[in-house]
Amino acid sequence: EEIERMSKLASEKYEEGERALLEAKRVESEHQARLHTIHQQMERLQQQEQQLHKERLNLAGQRQNLSILRDKLPFQVLSSPSDMKIPPSLNPQNFKPSYASTLKHSTGNSGILKVVQGPASSELLAKLALIKHTAEKDRDFLEDEQFFLETLKKAPYNIQTT
């Protein structure tokens, strides 16, 4: 009877150990799955950061190209109201009638004065407008990406357990 009781106790302990081992394996498996998910999230974040860095470099290059193009344009863009005074050399009244018709003065909504010369100026203005629009879209996109990354950095990494 004593041997039977000891055998039964040993059997119960063995089964309890088996259950504990299975539970430990299940917990380890869950932890491995969470760890794998976190690694994937980290890789995605690193890829997004690399993409953002590339886009910033690209935008910086575009800004530099825009600056170079701006310097090469056959007209001058004046940025402040004090710059809006037309020098006497550019005043259309000082030109002969045939040449004075090729000069145009316009002010846009931003109050910037543009002095445009020659027949190719409309093509250059269109190119400049396109470049400016592209740069604005790129800047907006990068601001959105920066906001997204900042949000990800601040968000807690809560993984629900079941």
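Residues numbered from 1 in each chain as written. Predicted model: local features only at pLDDT ≥ 70, side-chain atom pairs only at ≥ 80, totals over all residues. Heavy atoms only, no water.

## Some remarks on the nonpolar core
Right, so step 1: Within the largest apolar cluster, 5 residues are counted, these being Leu45, Leu52, Leu59, Leu142 and Leu149.
Right, so step 2: Where this core is concerned, the elements lending two or more residues are helix H1 (2-72) and helix H3 (121-154).
Right, so step 3: Setting aside anything within four residues of it in sequence, one finds Leu52 in contact with Leu142, Glu145, Gln146 and Leu149. (Core = buried A, V, L, I, M, F, W, Y, C linked by side-chain atoms within 4.5 Å. Buried < 20%, exposed > 50% of the residue type's maximum accessible area, 1.4 Å probe, protein only. Helix = DSSP H or I, 4+ residues; strand = E, 2+ residues; numbered from the N terminus. Contact = heavy atoms within 4.5 Å.)

## Quick look at the side chain of Glu55
Right, so step 1: Of note, Glu55 is situated in helix H1.
Right, so step 2: It is Arg56 that comes nearest to the buried, bridge-free Glu55 among opposite-charge side chains, at 8.0 Å.
Right, so step 3: Those residues in contact with Glu55, other than ones at most four positions away along the chain, are Phe141, Leu142 and Glu145. (Lys, Arg positive; Asp, Glu negative; His and termini not counted. Salt bridge = Lys/Arg side-chain N within 4 Å of Asp/Glu carboxyl O.)

## Thoughts on H3
Right, so step 1: Taking 1.5 Å per residue as the helical rise, H3 with its 34 residues ought to reach 50 Å, and the 49 Å between its terminal C-alpha atoms agrees with that figure.
Right, so step 2: The complete set of buried residues in H3 reads Ser121, Leu128, Ala135, Leu142 and Leu149. (Expected span 1.5 Å × (residues − 1).)

## Focus: H1
Right, so step 1: Relative to the 105 Å expected for 71 residues at 1.5 Å per residue, H1 spans 104 Å between its end C-alpha atoms, a close match to the ideal helical length.
Right, so step 2: Along H1, the residues that are buried comprise Leu45, Leu52, Glu55, Leu59 and Leu66.
Right, so step 3: Where the residues of H1 are buried, they touch H3.

## Thoughts on the packing of H1 against H3
Right, so step 1: Put simply, H1 and H3 touch, their axes get as near as 10 Å, and they point 155° apart. When the interaxial angle is binned, H1 and H3 end up roughly antiparallel. As H1 runs across H3, the sense of the crossing is left-handed.
Right, so step 2: Among the residues making up the contact of H1 with H3, the classes are represented as 13 nonpolar, 4 polar and 8 charged. (Axes fitted to C-alpha atoms, helices over the stretch in contact; angles between N-to-C directions. Parallel < 35°, antiparallel > 145°, perpendicular 65-115°, else oblique. Left-handed = near helix turned anticlockwise from the far one by under 90°. Nonpolar A, V, L, I, M, F, W, Y, C, P; charged D, E, K, R; others polar.)

## Side note on the pattern of salt bridges
Right, so step 1: The tally for this structure, following the rule as stated, stands at 5 salt bridges.
Right, so step 2: When the shortest N-O distance is used, the salt bridge between Glu23 and Arg26 registers 2.5 Å. Taken as a pair, Glu23 and Arg26 lie in helix H1 at a separation of 3 residues, close to a single helical turn.
Right, so step 3: Residue Glu23 is classed as partly exposed on the basis of its relative accessible area, which comes to 38%.
Right, so step 4: Residue classification places Arg26 among the partly exposed positions, given a relative accessible area of 39%.
Right, so step 5: Its salt-bridge partner being Glu143, residue Arg139 comes within 3.9 Å of it at the nearest N-O pair. With Arg139 and Glu143 both in helix H3, this residue pair falls 4 residues apart, about one helical turn.
Right, so step 6: A residue is classified by how much of its surface remains accessible, and Arg139, at 36% relative accessible area, is partly exposed.
Right, so step 7: Each member of the salt-bridge network shares a partner with another, and the members are Glu23, Arg26, Glu30 and Arg34.

## Comments concerning the confidence of the model for the chain
Caution applies to low-pLDDT regions: their predicted coordinates should not be interpreted in detail.
Right, so step 1: Of the residues in the chain, 66% have a pLDDT of 70 or more, and the chain-wide mean is 75.
Right, so step 2: When pLDDT is averaged over each element of the chain, H1 comes out on top at 92 and helix H2 (residues 97-100) at the bottom at 39.
Right, so step 3: Below pLDDT 50 for its whole length, residues 89-116 participates in 45 contacts with residues either more than four positions away or in separate chains. (pLDDT = per-residue confidence, 0-100.)

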